[in-house]
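Results of the structural survey
What follows is the residue order along each chain.
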Amino acid sequence: MKVGLVLEGGSRKCMFTAGVTDYFIDEGITFPYVCGVSGGAHGAINFVSKQRGRLRYVLTPSRLRSGHKAHVILDGIQAEYENMCGESFYGGYPFDFKKLFESKIDFEFGLTCAETGKIVYLNERKSEKRLMKLMHGTCALPMLFPLVEIDGKHYADGCVSNSVPFDRPFEKGCDKVIVISTKSPDDKPSDFRKERAILAPRFERRFPELFDALMNRYDEYFHQMEEMQKLVDQGKVYVLKPEEDLCWVFATSQEKLDESYIHGYKTAVKYRKEIMDFIKD
């Protein structure tokens with residue numbers, strides 16, 4: 001039985017994911033295939049490299065890591081994005097590129113291709129520089145960060161086209177899929193239509209397919225969730241999700257960040273038997 005793992009994005013809401021994946025590492029739970037989107041892509045590489053606590057580290061604002069208070073505006077979202085996708089690979093808790101590149105686990109990241117508006121799955125097993133570029137691309141939320149050019153194409157955050165690529169593992173030969181969601185009970189997906197005035201001048205003419213994907217994303221998300229639920233009902237997909245509100249996507253409160261991490265860890269403990277039964281059946 002080949003079981004894949006899919007990690008949804010959500011910026012610092014992925015503290016929940018950090019708690020779950022740290023529990024998996026503690027228990028020696030592995031998967032032959034792992035796919036992550038946006039913040040979930042960071043979850044994927046740190047899970048594959050088996051660096052316990054590292055996702056929690058990189059999701060923590062840099063000023064909090066240095067013992068100071070952090071502020072979402074004054075410290076800059078752009079600066080934190082650059083730190084998470086670049087500098088943090090080498091400083092503080094260095095990323096183990098060697099372990100990732102030599103892993104036998106098949107891993108991929110979901111990025112939205114600006115030229116097509118569709119999700120594309122990419123990975124990297126040789127170049128540290130290209131791996132970090134992929135991280136920039138899968139986290140490049142169009143309202144906040146510039147598109148990232150990779151191999152002649154332009155990419156945006158994978159969440160634009162497919163926040164939870166539950167279907168991809170089946171294309172890669174998996175029989176079942178475990179999804180780690182970051183959607184709290186009352187959460188709704190981002191509605192980029194509200195930002196049309198900002199997004200249209202930037203993308204409507206140059207990247208019309210990406211613009212359409214942004215405008216359709218809200219409705220498409222619910223369609224994707226309906227399709228995933230069908231597979232949940234068939235016993236092919238298991239979704240591990242928060243049972244309480246998580247921290248804000250740009251949270252700077254250490255207390256709130258820790259609460260989301262602990263909730264993720266405890267949720268994995270709570271449903272351990274269900275998870276193991278799903279994997280083994």
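Further up the page is the structure itself.
Residues numbered from 1 in each chain as written. Predicted model: local features only at pLDDT ≥ 70, side-chain atom pairs only at ≥ 80, totals over all residues. Heavy atoms only, no water.

1. Observations concerning the nonpolar core
L5, F24, F31, F109, L131, I178 and L210 are the most contacted members of the largest nonpolar core, which totals 78 residues. When sequence neighbours within four positions are dropped, the list of residues in contact with L5 reads F24, F31, Y33, V34, C35, F47, I178 and I180. In terms of nonpolar packing, the next biggest core, distinct from the first, is built from 14 residues, V6, Y33, Y121 and F166 among them. (Core = buried A, V, L, I, M, F, W, Y, C linked by side-chain atoms within 4.5 Å. Buried < 20%, exposed > 50% of the residue type's maximum accessible area, 1.4 Å probe, protein only. Contact = heavy atoms within 4.5 Å.)

2. Some details on the pattern of salt bridges
Tallying each qualifying case throughout the model produces 20 salt bridges. With its nearest N and O atoms 2.9 Å apart, the salt bridge here joins R168 to E171. A residue pair is termed a helical-turn pair when its members lie 3 or 4 positions apart in one helix, as R168 and E171 do in helix 8 (residues 168–171) at three residues. The partner of K270 in a salt bridge is E243, with the nearest N and O atoms 3.0 Å apart. Separated by 27 residues along the polypeptide, K270 in helix 11 (residues 254–270) and E243 in the loop between strand 8 (237–240) and helix 11 bring together distant segments of the chain. Look at the salt bridges and you will find they share partners, linking D106, E108, R168, E171 and K172 into a network. (Salt bridge = Lys/Arg side-chain N within 4 Å of Asp/Glu carboxyl O. Helix = DSSP H or I, 4+ residues; strand = E, 2+ residues; numbered from the N terminus.)

3. Observations concerning the pairing of strand 6 (residues 153–157)
Most of strand 6 sits inside the fold, with four of its five residues counted as buried. In terms of strand pairing, strand 3 (residues 106–113) meets strand 6 through three bridges, oriented antiparallel. Its bridge partner lying in strand 6, L111 is registered against D157. Here three bridges tie strand 5 (residues 148–150) to strand 6, and the two strands are oriented antiparallel to one another. Following the sheet pairing, E149 is matched in strand 6 by H154. (Pairing = 2+ DSSP bridges.)

4. Topic: the packing of helix 1 (residues 15–27) against helix 11
Put simply, helix 1 and helix 11 touch, their axes get as near as 6 Å, and they point 45° apart. As the angle between them shows, helix 1 and helix 11 are arranged oblique. Helix 11 is crossed by helix 1, and the crossing has right-handed handedness. Contact residues: helix 1 offers M15, F16, A18, G19, V20, D22, Y23 and D26, while helix 11 offers L257, S260, Y261, H263, G264, Y265, T267, A268 and V269. (Axes fitted to C-alpha atoms, helices over the stretch in contact; angles between N-to-C directions. Parallel < 35°, antiparallel > 145°, perpendicular 65-115°, else oblique. Left-handed = near helix turned anticlockwise from the far one by under 90°.)

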